[in-house]
Amino acid sequence: MTYETTEIGSLQPNCIDPDHQWYGFSVEPLCLIYNTELVTGDDIPTGWKDLIDPKWAGKMAVVDPTKSSASYATFLAILEAFGKDDGKGYEFVKEVIANAQGNILSSSSLSYKTVADGEYMISLTTEESAMKYILDGHNLGMVFPEEGTDAIVSPIAGIKGGPNEKSAQLFIDYMVGIEVQTQLSERGIRSSRVDVPVNENSIPMDQIKLLDMDAAWIEANGEAFKEWWKDTVTE
């Protein structure tokens with residue numbers, strides 16, 4: 001359904017579809033997480049490069065990107081950061097897999113749960129997932145990689161030709177409106193609006209280095225990357 005929401009002037013540019021067929025409901029930057037009791041001071045990770053540091057060998061975990069959309073997006077960001085076209089990104093991911101020493105999880109929820117419980121020291125997830133645990137008082141910290149990361153936009157849209165298009169339009173306005181979006185931020189979910197402050201436990205988007213992700217490359221090579229992952233893990 002094509003619709004120009006009444007809230008369009010308050011939305012972040014990346015949360016507005018050029019054709020007005022969808023709008024961003026929330027934004028989820030991808031991040032590193034660590035156990036705040038076990039990882040302190042200079043050991044706190046600062047970027048993707050820490051995933052291949054020998055000191056984390058067997059003490060870190062990653063999530064299978066063929067089973068988790070968040071992990072898939074994370075590894076695509078890593079490829080972008082280290083070189084998706086010259087092979088350097090793939091070589092880096094190989095080193096990450098080796099450093100995990102078999103600690104490859106089957107779902108994203110296991111990453112923050114196992115790190116908070118101290119089973120692993122560091123892992124990868126989305127800001128939204130990490131914030132839920134942080135706000136609940138778990139021993140979890142998060143870092144946005146200095147090499148750059150991606151931010152997943154969760155969309156909201158109406159069905160074209162649906163029986164209640166006017167109601168759908170009002171619902172979109174409400175969901176991206178200031179009331180709902182403020183409540184999101186209070187709960188640790190990053191708002192799609194420019195006028196809603198980020199939760200005090202995180203940092204503003206302009207302090208997060210975002211990569212210029214290549215959507216055309218992902219469409220052409222994403223499935224091949226998943227096959228490459230399967231082959232590499234089973235080597």
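Heads up: the structure comes first, above all this text.
An account of the accompanying structure is given in this report. On a predicted model such as this, the values are computed, not experimentally measured, just so you know. (Residues numbered from 1 in each chain as written. Predicted model: local features only at pLDDT ≥ 70, side-chain atom pairs only at ≥ 80, totals over all residues. Heavy atoms only, no water.)

### As for the pairing of strand S5 (residues 140-143)
Of the two faces of S5, the one lined by Leu140 and Met142 and the one lined by Gly141 and Val143 are each fully buried. Here strand S1 (residues 23-35) runs beside S5; their pairing, made up of four bridges, is antiparallel. Directly across from Ile33, in S5, lies its bridge partner Met142. (Buried < 20%, exposed > 50% of the residue type's maximum accessible area, 1.4 Å probe, protein only. Helix = DSSP H or I, 4+ residues; strand = E, 2+ residues; numbered from the N terminus. Pairing = 2+ DSSP bridges.)

### What to know about the nonpolar core
The nonpolar side chains of a soluble globular protein tend to be buried, and buried together. Counting 32 residues, the largest nonpolar core has Leu51 and Phe75 as the members making the most contacts within it. Every element with two or more residues in this core is listed here: S1, helix H1 (69-82), helix H2 (88-100), strand S4 (122-126) and helix H7 (215-233). Looking at this core element by element, the count peaks at seven residues for H1. Ignoring sequence-local partners within four residues, the contact set of Leu51 consists of Leu32, Met60, Ile78, Val96, Asn99, Ile122 and Leu124. (Core = buried A, V, L, I, M, F, W, Y, C linked by side-chain atoms within 4.5 Å. Contact = heavy atoms within 4.5 Å.)

### Remarks on the packing of aromatic side chains
One pass over the structure, following the stated rule, counts six aromatic pairs. Ring geometry for Tyr112 and Tyr133: centres 5.1 Å apart, planes at 70°, overall edge-to-face. Placement of Tyr112 in helix H3 (residues 108-116) and of Tyr133 in helix H4 (residues 127-135) is noted, with a sequence separation of 21 residues between them. An identical accessibility class is assigned to Tyr112 and Tyr133; each is buried. Note on Phe225 and Trp228: the rings are 5.8 Å apart at their centroids and 25° apart in plane angle, and the pair reads as stacked. (Phe/Tyr/Trp six-rings, centres within 6.5 Å; stacked < 30°, edge-to-face > 60°.)

### A closer look at unusual backbone geometry
Despite not being glycine, His20 shows a phi value in the positive range, around 60°. As for its placement among the helices and strands, His20 is situated in the segment before S1. Phi at Gln101 is positive, roughly 50°, even though this residue is not glycine. Looking at the secondary structure, you find Gln101 in the loop between H2 and strand S3 (104-105).

### Here we look at H7
The end-to-end C-alpha distance of H7 is 25 Å, a good match for the 27 Å that 19 residues give at a rise of 1.5 Å each. Roughly 50° is the biggest bend found in H7, and it falls at Asn221. Buried residues in H7 make contact with strand S2 (62-63), H1, H2 and S3. The N-cap of H7, judged by a side-chain oxygen 3.3 Å from the amide nitrogen of Ala216 a few residues on, is Asp214. (Expected span 1.5 Å × (residues − 1). Bend = angle between axes of the 7 residues up to and from the residue. Polar contact = N/O pair within 3.5 Å; in protein donor to acceptor, adjacent residues only side chain to side chain.)

### A closer look at the packing of H1 against H7
When two helices pack together, their arrangement is given by the angle between their axes and by how far apart the axes lie. As a packed pair, H1 and H7 sit with axes 11 Å apart at the nearest point and diverge in direction by 105°. Taken together, the axes of H1 and H7 lie roughly perpendicular to each other. Touching Tyr72, Phe75, Leu76 and Leu79 of H1 are Trp217, Ile218, Gly222, Glu223, Phe225, Lys226 and Trp229, all from H7. Split by residue class, the contact of H1 with H7 holds eight nonpolar, one polar and two charged. (Axes fitted to C-alpha atoms, helices over the stretch in contact; angles between N-to-C directions. Parallel < 35°, antiparallel > 145°, perpendicular 65-115°, else oblique. Nonpolar A, V, L, I, M, F, W, Y, C, P; charged D, E, K, R; others polar.)

So, to be careful, I would describe these as geometric facts and stop short of saying anything about function.
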